[in-house]
Amino acid sequence: MAVSKKIHLSIWSLLLAISLLGQVLLVRTDSSEEDEEPEAVVKEEEDVLVLTDDNFDEVIYSRDTILVEFYAPWCGHCKSLAPEYAKAAKRLKANDPPVSLGKVDATVHEKVTSRFDVNGYPTLMFFKKGKMHPYDGPREENGIVKYMEERASANWKPPPEAVVTLDQKNFDEFINKHELSLVEFYAPWCGHCKRLAPAYEKAAKTLLKNDPPIPLAKLDATAHSKIGEKYDINGYPTLKIFRKGVHYEYKGPTEEYGIVNHMISQHGDASKLVNHLKDLRKSLKVDAISVVGFFKNISDPIFTTYMDAANDLRDEHHFIHTTDPDIARVYKVDINSIAVFIPERFQTQFEPKMHVLKKATITRDDIIKFVEIKQFPLVGHYNFNTEKKYNKMSPLCLVIYSVDFSHDHKKATQLWRNKIARIAAEYREITFAIVNEEDYPNLMGDFGFDDSGEEMNIGILTGTKRFSMEPMEEFDSGEVRKFLSDFRGYKLKPHIKSQPVPKKQKGPVTVVVAKNFDKIVMDKTKDVLIEFYAPWCGHCQKLEPKYNKLARAMQKYPNIVVAKMDATANDVPTEFKVEGFPSIFFAPSNNKKNPLKYDGDREIKAFSKFIREHATVPMASEEL
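Structure report, in brief. Since this is a predicted model, take the numbers as computed values, not measurements.

Another point: the overall build of the protein chain. Per the secondary structure count, the protein chain includes 20 helices and 26 strands. Taking 624 residues into account, the globule formula puts the C-alpha radius of gyration at 25 Å, and the protein chain, at 34 Å, lies well above it. For the protein chain, the spread of C-alpha atoms along the principal axes amounts to about 140 × 65 × 50 Å. Taking all 624 residues of the protein chain together, the buried fraction comes to 45%. Counting contacts in the protein chain only where the partners sit at least 6 residues apart, residues at least 24 apart contribute 70% of the total. For the protein chain, the exposed area adds up to about 34900 Å²; of that, 51% sits on carbon and sulfur atoms. Of the side chains in the protein chain, 88 bear a positive and 91 a negative charge, and the two mean positions are spaced by 3 Å.

Structure representation (structure tokens):
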């Protein structure tokens, strides 16, 4: 009986254990089911998925094909696209297979926006199995639907790249084979290179259809560093034109149609052959210099050197060459000479009508340097075609009045220019140019001539500094000479473009203008965080409430100032390199000449952490 009782108890214990184990398993199963989070529901607006920094990757990778629009609420083009985009989204939801359309407010979700280097609105791109492809289709309902249906097909494959990928093995062959080609030297991590890529590819496709085709290529200069070093690649992207292996600087635009037009303009000879005196005179430019080469024949090595220089400068100047010895005799120049002809419009008695390069051996660099030095007449014309060239010159004296070379006003325009030329001849170290005041109202403002009612105003530019001459009631050459001599003798104070100094600071953020910049920002007893903004900038407007809150929080620290300055209405010191809006810098009290640029998140906590890390006086560590 004792044994039987023990067996009975053991069986009972076993059954009890099995029962308990089952309950435990049931509880664990129920618990795991409860712990599973339901799949997040993505908000839709008119059948368009609303994508954010948080849900973007999840949505993109969960759909085979999806089109995404990066937009800004204030963008007119985005508003025009919205109804067409919504209608396309509704139709594509029912497609087999279904295609999703999404949108990202680029002004709010900056992380994902910056990840894809979006810098314009609207920007559209589609994703196939998570991989991004640029969208180059229509922007109306039927076009969007057809474009995306094609890419949703299981048989769709991206077309082969029109841009040729170069490496160590094929680089030399490529550049030597083609009469004309363009090569992009890039780095895989470079944001500017990524932004260029879609436009570069589209341009490549178009140029392959050109007659003759003009190939475009790219080289990863970080993977093939020896090639990059050979061509002095110091930044990315760098574009270079090649002509049968000889390289030239690319000076054109970096958007699709700009690349196409610029490369087509590069086809053909950079210099025009003219062998009749009458034709040469007709070929000389009326309002810009002409460079003329005088040669015995085009098989001479110096002609090849001349053409190399002409190709370098073909975007900037007009080149002609002749092999007629009679033309050389008329102009009294030796064979194998290069001359820069001053246009008749700008000739004066104080300078020769042409400048001749005289040297036993002439190199490509000699010609380029010679043309660059002689490209400006004694008093030229600062206008929309020449301003980039003149802006490189320092010091630059601008004589601003009503400039008009049309028949009725030419005489008056030249009268004033010739008066200036007589003076300019005495100040050869200064570059002089006349400017039409109606074309450049911004210059009038920059020099402080807005309210000047005088017929002529004169100012000098040296880099970022401007020196303004007091307006003359009547033209007085003595006063002009005194102004120029005082500038030469460092006796002038630069004119500062500035808004009025605020009579009273209103609000938590200190308003800075150019006239009080040194007093506030360069104060060596204060650490200053300053935002350079533009009134029209959407990002600046979005930042404003957060920046105000940050300023209020920092008011308890007497050594810290949170400030802002309208960079469009005030001169910005050179130490603060404003390259976009908003640009934010921290000027510590102990190192004002080397301000720190803020590149962190535009959130209060991030600003607070940055200030605490760089403040010259210890701060409390509490979060805002």
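This paragraph deals with the packing of aromatic side chains. This model, assessed by the stated rule, comprises 38 aromatic pairs. For the pair Phe185 and Tyr231, a centre-to-centre distance of 6.0 Å together with 40° between the ring planes defines the contact as tilted. Taken together, the positions of Phe185 in strand β8 (residues 181-186) and Tyr231 in the loop between α8 (225-230) and β10 (238-243) put the pair 46 residues apart, joining distant regions of the chain. Here Phe185 matches Tyr231 in class, with each residue buried. Between the aromatic rings of Phe586 and Phe610, the centroid separation amounts to 6.0 Å while the plane-to-plane angle is 85°, which identifies the pairing as edge-to-face. Residue Phe586 is found in strand β25 (residues 583-587), and its partner Phe610 is found in helix α20 (residues 604-614); the two are separated by 24 residues along the sequence. Side by side, Phe586 and Phe610 carry an identical accessibility label, which is buried. An aromatic cluster of at least three residues, connected via ring pairs, comprises Phe376, Tyr382, Phe384, Tyr390 and Tyr440. Above the ring of Tyr147, the side-chain terminus of Arg151 is found at 3.5 Å from the ring centroid.

Between its first and last C-alpha, helix α3 (residues 76-93) extends 26 Å over 18 residues, near the 26 Å set by a 1.5 Å rise per residue. Along α3, the helix axis deviates most sharply at Ala82, where the bend reaches about 35°; the proline Pro83 sits within four residues downstream. Of all the positions in α3, only Cys78, Leu81, Tyr85, Ala86, Ala88, Ala89 and Leu92 are classed as buried.

On to the nonpolar core. Residues Val379, Cys397, Val399, Phe432, Ile458 and Leu484 are the most contacted members of the largest nonpolar core, which totals 28 residues. When residues of this core are traced back to their parent elements, those giving at least two are β18 (396-401), α15 (410-424), β19 (431-436), β20 (457-462) and α17 (477-488). If one sorts the elements of this core by residue count, α15 sits on top with 5 residues. Dropping the residues within four chain positions of it, Val399 is found in contact with Ile420, Ala433, Ile434, Val435, Met456, Asn457 and Ile458. With 20 residues, the next largest nonpolar core counts Ala310, Val340, Ile367 and Ile368 among its residues.

Attention now moves to the sheet that holds strand β22 (residues 510-511). The strand order across the open sheet formed by 5 strands is β22-β24-β23-β25-β26, and the pairing between neighbours is mixed. Unpaired on one side and paired on the other, β22 and β26 (596-597) mark the two borders of the sheet. As paired strands, strand β23 (residues 527-533) and β25 are joined by 5 bridges and run antiparallel to one another. Counted as the bridge partner of Phe532 is Ser583 from β25. Sheet contacts for α20: β23, β24 (560-566), β25 and β26; angle to β25, the most-contacted strand, approximately 30°.

For the rest of this paragraph, the subject is the pairing of β24. In terms of residue burial, β24 counts as a mostly covered element, since 7 of its 7 residues are buried. Residues of β24 alternate between two faces, with Ile560, Val562, Lys564 and Asp566 on one and Val561, Ala563 and Met565 on the opposite face, all of them buried. The sheet contact formed by β22 and β24 spans 2 bridges and is parallel. Bridge pairing links Thr510 to Ala563 in β24. This β-α-β element, β23 to helix α19 (residues 538-554) to β24, shows right-handed connectivity.

Relative to the helices and strands, Glu184 resides in strand β8. Lys218 provides the closest opposite charge to the buried, salt-bridge-free Glu184, at an N-O distance of 6.4 Å. When sequence neighbours within four positions are dropped, the list of residues in contact with Glu184 reads Cys193, Leu196, Tyr200, Ala217, Lys218, Leu219, Pro237, Thr238 and Leu239.

This paragraph deals with the sheet that holds strand β21 (residues 465-468). Taken in spatial order, the 5 strands line up as β17-β19-β18-β20-β21 in an open sheet, and their pairing is mixed. Lying at the two open borders of the sheet, with one neighbouring strand each, are β17 (379-382) and β21. Across the sheet, the mean angle separating the axes of adjacent strands is 30° when strand polarity is ignored.

In this section: the packing of helix α7 (residues 191-208) against helix α9 (residues 256-265). Contact geometry for α7 and α9: axes closest at 8 Å, N-to-C directions at 45°. Taken together, α7 and α9 sit at an angle that is classed as oblique. In the packing of α7 onto α9, the handedness of the crossing is right-handed. Residue-level contacts link Leu196, Ala199, Tyr200, Lys202, Ala203, Thr206 and Leu207 of α7 to Glu256, Ile259, Val260, Met263 and Ile264 of α9.

Bringing the pairing of strand β15 (residues 337-341) into the picture now. Counting buried residues along β15, 5 of its 5 residues qualify, which places the element largely inside the surrounding structure. Burial along β15 is two-sided: Ser337, Ala339 and Phe341 facing one way and Ile338 and Val340 facing the other are all buried. Here strand β13 (residues 290-294) pairs with β15 via 5 bridges, running antiparallel. In the sheet register, Gly293 faces β15, and the bridge partner there is Ile338. Judged from the 4 bridges that link them, β15 and strand β16 (residues 354-357) form a sheet pairing that is antiparallel. The partner of Ala339 across the bridge, within β16, is Val356.

Between side chains of opposite charge, a pair can form when the charged atoms approach closely. Evaluation of the coordinates by the stated rule reveals 23 salt bridges. Between Asp47 and Lys93 there is a salt bridge, with its nearest N and O atoms 3.1 Å apart. Residue Asp47 is found in the loop between β1 (44-45) and β2 (48-51), and its partner Lys93 is found in helix α3; the two are separated by 46 residues along the sequence. Assessed through its relative accessible area of 23%, Asp47 is described here as partly exposed.

Residue Pro395 is bonded to the preceding Ser394 through a cis peptide linkage, with omega at 0°. Structurally, Pro395 is set in the loop between α14 (387-390) and β18. Pro582 follows Phe581 through a cis peptide bond whose omega is -10°. As for its position among the elements, Pro582 is in the loop between β24 and β25. Here the phi dihedral of Asp232 falls at roughly 55°; this positive angle occurs in a residue that is not glycine.

Rules used throughout
Residues numbered from 1 in each chain as written. Predicted model: local features only at pLDDT ≥ 70, side-chain atom pairs only at ≥ 80, totals over all residues. Heavy atoms only, no water. Helix = DSSP H or I, 4+ residues; strand = E, 2+ residues; numbered from the N terminus. Rg over C-alpha atoms; globule rule 2.2 N^0.38 Å. Buried < 20%, exposed > 50% of the residue type's maximum accessible area, 1.4 Å probe, protein only. Contact = heavy atoms within 4.5 Å. Areas by Shrake-Rupley, 256 points an atom, 1.4 Å probe, with all protein chains shown as cover. Lys, Arg positive; Asp, Glu negative; His and termini not counted. Charge placed at Lys NZ, Arg CZ, Asp CG, Glu CD. Phe/Tyr/Trp six-rings, centres within 6.5 Å; stacked < 30°, edge-to-face > 60°. Lys NZ or Arg CZ within 6 Å of the ring centre and 35° of its normal. Expected span 1.5 Å × (residues − 1). Bend = angle between axes of the 7 residues up to and from the residue. Core = buried A, V, L, I, M, F, W, Y, C linked by side-chain atoms within 4.5 Å. Pairing = 2+ DSSP bridges. Axes fitted to C-alpha atoms, helices over the stretch in contact; angles between N-to-C directions. Right-handed = clockwise from strand over helix to strand, strands pointing away. Salt bridge = Lys/Arg side-chain N within 4 Å of Asp/Glu carboxyl O. Parallel < 35°, antiparallel > 145°, perpendicular 65-115°, else oblique. Left-handed = near helix turned anticlockwise from the far one by under 90°.

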